[in-house]
Amino acid sequence: MRNRLSPSSSSSSSSLPTETKFSENQTETSSNNSSFIFLEWKRGKGGNPLVRGIRSRLLRPKSMPLNTLVNARDGSSRVVLSEPSGSYAEAQMKPPKAIRGGLPICFPQFGNFGALERHGFARNRFWSFDNDPSPLPPANQQSTVDLVLKSTEDDLKIWPHSFELRVRISISPGKLTIIPRVRNTDPKAFSFMFALRNYLYVSDISEVRVEGLETLDYLDNLVRRERFTEQADAITFDGEIDRVYLNTPTKIAIIDHERKRTIELRKEGMPNAVVWNPWDKKAKSITDMGDEDYTTMLCVDSGAIETPILLKPCEEWRGRQELSIVSSSYCSGQLDPRKVLYGDH
Ligand SMILES: O=P(O)(O)OC[C@H]1O[C@H](O)[C@H](O)[C@@H](O)[C@@H]1O
């Protein structure tokens with residue numbers, strides 16, 4: 001029998017991914033069947049995971065200097081970022097197949113919106129450390145890592161555009177920040193789709209609300225990508241969902257009632273938001289997902305999907321995403337959405 005997702009104790013093993021066992025402070029990968037970019041953001045001591053696969057170790061933010069650790073164990077296959085209030089993130093860099101969970105990067109295609117493999121090939125490639133993140137300043141603290149993926153000859157055979165895809169991953173107390181960049185190193189212009197697929201850990205999908213997407217149009221992947229308008233005050237979950245919301249705001253709130261906390265997603269440069277949960281039937285058909293795993297996960301992605309980004313030669317596109325916990329009034333169960341969506345807290 002397959003286990004549920006919950007990676008909350010050192011003895012629990014998760015079926016997502018089946019090769020990975022979680023413990024409080026480390027991730028043991030016992031097989032090569034994992035890939036970059038799988039990013040975990042962890043929260044301890046006994047704290048609940050913030051993001052599934054990106055478990056947070058999020059204690060109350062403190063105004064103290066960062067004293068962080070970058071640890072590339074197993075050669076250069078893994079980077080651990082940490083800071084003293086307890087948050088830490090871990091990036092694994094092992095091809096050939098993306099782990100179900102964490103934060104896969106979808107590039108240069110999202111889903112089946114094109115002819116390439118689903119979600120593009122970047123999530124199944126081996127990335128490198130980026131020693132020259134220019135024009136970003138060099139990372140000056142050990143809570144930040146710069147990674148790069150450059151097109152190879154094999155990539156050019158399936159997508160004939162030379163590119164450099166960079167991500168800066170940073171943690172600070174209670175916050176995980178990703179800055180993705182794509183540079184056109186080709187003599188010709190090209191366009192691409194991009195998404196950060198956030199596998200969020202939730203306590204019970206039936207009790208979760210997503211706010212910030214109401215009244216927006218969306219493309220429904222379950223109905224041949226037909227366009228609809230969201231009618232609900234907030235998105236709640238009682239079945240499979242797979243939607244690309246259009247023209248979304250910069251802030252989205254994922255409210256986990258049972259856990260009495262809200263995950264706030266802020267994004268720039270990525271006007272779309274994908275909401276995905278396979279629910280029971282589809283979960284059973286996904287080989288690297290346990291039958292019950294859908295109950296404790298929700299993907300809310302930042303993306304540029306509907307309108308691909310056009311880059312001329314030498315141009316660079318830059319996006320930004322922050323994931324953090326909003327506490328205070330949300331924990332009381334008295335939700336004031338304005339506090340999440342308009343920063344009034
Ligand atoms: O299994 P994956 O390739 O990671 O994709 C997971 C899901 O992603 C998207 O939302 C697609 O629209 C779905 O059809 C797919 O099942």
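Not measured: the values here are computed from a predicted model.

With respect to the overall build of the protein chain
No. 1: In terms of regular secondary structure, the protein chain is built from three helices and 22 strands.
No. 2: Taking all 345 residues of the protein chain together, 57% fall into the buried category.
No. 3: Long-range pairs, those at least 24 residues apart, make up 66% of the contacts in the protein chain between residues at least 6 apart in sequence.

Considerations on the environment of F129
No. 1: Checked against the element boundaries, F129 lands in strand β7 (residues 128-129).
No. 2: Between the C-alpha atom of F129 and that of L156, which follows or precedes it by 27 residues, the distance is 21 Å.

Some thoughts on the site of the ligand
No. 1: The full set of residues close to the ligand is R100, R118, H119, R123, R197, N221, D242, W276 and K282.
No. 2: H119 places a side-chain nitrogen or oxygen 2.9 Å from an oxygen atom of the ligand.
No. 3: Here an oxygen atom of the ligand and a side-chain polar atom of K282 are 3.0 Å apart.
No. 4: Summarising the interface, the protein chains cover 90% of the accessible area of the ligand, which totals 390 Å² for the free molecule.
No. 5: The residue makeup of the shell around the ligand, split by class, is one nonpolar, two polar and six charged.

Description of the environment of I105
No. 1: You can see I105 is positioned in strand β6 (residues 105-106).
No. 2: Distance in space between the C-alpha atoms of I105 and I158 is 18 Å, their sequence separation being 53 residues.

A few points about the pattern of salt bridges
No. 1: Per the counting criterion, the structure on display carries 16 salt bridges.
No. 2: We note a salt bridge from K175 to E322, for which the minimum N-O separation is 3.3 Å. Of this pair, K175 sits in strand β10 (residues 175-184) while E322 sits in strand β22 (residues 320-326), and the two are 147 residues apart along the sequence.
No. 3: In this structure, E211 and R209 form a salt bridge, with 2.8 Å as the shortest nitrogen-oxygen distance.
No. 4: Since its relative accessible area comes to 27%, R209 is described here as partly exposed.

Some words on the nonpolar core
No. 1: Judged by nonpolar contacts, the single largest core of 62 residues is most densely connected at F107, L165, F192, F237, I254 and L298.
No. 2: Among the elements that take part in this core, strand β20 (residues 297-311) stands out by supplying seven residues, more than any other.
No. 3: Not counting residues within four places of it along the chain, the set of residues in contact with F237 comprises I205, S206, V208, V210, V275, W279 and L298.
No. 4: C106, M193, L219 and L246 belong to the second-largest nonpolar core, a separate cluster that totals ten residues.

Points about unusual backbone geometry
No. 1: Following F107, the chain continues into P108 via a peptide bond in cis, with omega recorded as 0°.
No. 2: In this structure, P108 sits in the loop between β6 and β7.
No. 3: Put simply, S134 and P135 share a cis peptide bond, and its omega is 10°.
No. 4: Position of P135 relative to the elements: it lies in the loop between β7 and β8 (144-150).
No. 5: Phi at C314 is positive, roughly 75°, even though this residue is not glycine.

Reading the values: the criteria
Residues numbered from 1 in each chain as written. Predicted model: local features only at pLDDT ≥ 70, side-chain atom pairs only at ≥ 80, totals over all residues. Heavy atoms only, no water. Helix = DSSP H or I, 4+ residues; strand = E, 2+ residues; numbered from the N terminus. Buried < 20%, exposed > 50% of the residue type's maximum accessible area, 1.4 Å probe, protein only. Contact = heavy atoms within 4.5 Å. Near = heavy atom within 4 Å. Polar contact = N/O pair within 3.5 Å; in protein donor to acceptor, adjacent residues only side chain to side chain. Areas by Shrake-Rupley, 256 points an atom, 1.4 Å probe, with all protein chains shown as cover. Nonpolar A, V, L, I, M, F, W, Y, C, P; charged D, E, K, R; others polar. Salt bridge = Lys/Arg side-chain N within 4 Å of Asp/Glu carboxyl O. Core = buried A, V, L, I, M, F, W, Y, C linked by side-chain atoms within 4.5 Å.

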